[in-house]
Amino acid sequence: MLTLKGRTIESSMEPRVGATLLELALGAGVDWQFNCSRGTCARCRCLVTEGGELLEESTDAEWDRLGPEELDAGYRLGCQARVETAGTIAAVNRTYF
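Residues numbered from 1 in each chain as written. Predicted model: local features only at pLDDT ≥ 70, side-chain atom pairs only at ≥ 80, totals over all residues. Heavy atoms only, no water.

A. Molecular detail of the environment of Leu24. Relative to the helices and strands, Leu24 is located in helix α1 (residues 21–27). For the pair Leu24 and Thr85, spaced 61 residues apart in sequence, the C-alpha separation works out to 14 Å. What Leu24 contacts, discounting residues up to four positions off in sequence, is Leu2, Leu4, Met13, Arg16, Ala19 and Val83. (Helix = DSSP H or I, 4+ residues; strand = E, 2+ residues; numbered from the N terminus. Contact = heavy atoms within 4.5 Å.)

In structure tokens form, the structure reads like this:
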């Protein structure tokens, strides 16, 4: 089960392998903040509170925008964080602004 929480809307669904957290949030009608969907604006930044190990490795864009401290704390970019393995995943959109 995948649970995604935006500013005011939370939705749970089955995770789709290969999809990004942003794609899944938008498909479920979650009010997930984003601008570019390429990993450059970091507006889709989120805190993965459960199941981070089920996502693909962090991308270069994430290393450039977030850095090791935030990545170690569980932050990812929703447009870059792809589901690699189905399971229990939870994330909250935590934009900088």
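Having put the structure on the table, let's press on.
B. Spatial organisation of the pairing of strand β1 (residues 2–5). With burial as the criterion, only one face of β1 is covered, namely that bearing Leu2 and Leu4; the residues Thr3 and Lys5 on the opposite face remain uncovered. Examined bridge by bridge, β1 and strand β2 (residues 10–13) share four bridges and lie antiparallel to one another. Across the sheet, the residue bridging to Leu4 is Ser11, located in β2. Two successive antiparallel strands, β1 and β2, enclose a turn made up of four residues. Two elements, β1 and strand β5 (residues 89–93), share four bridges in a ladder whose sense is parallel. (Buried < 20%, exposed > 50% of the residue type's maximum accessible area, 1.4 Å probe, protein only. Pairing = 2+ DSSP bridges.)

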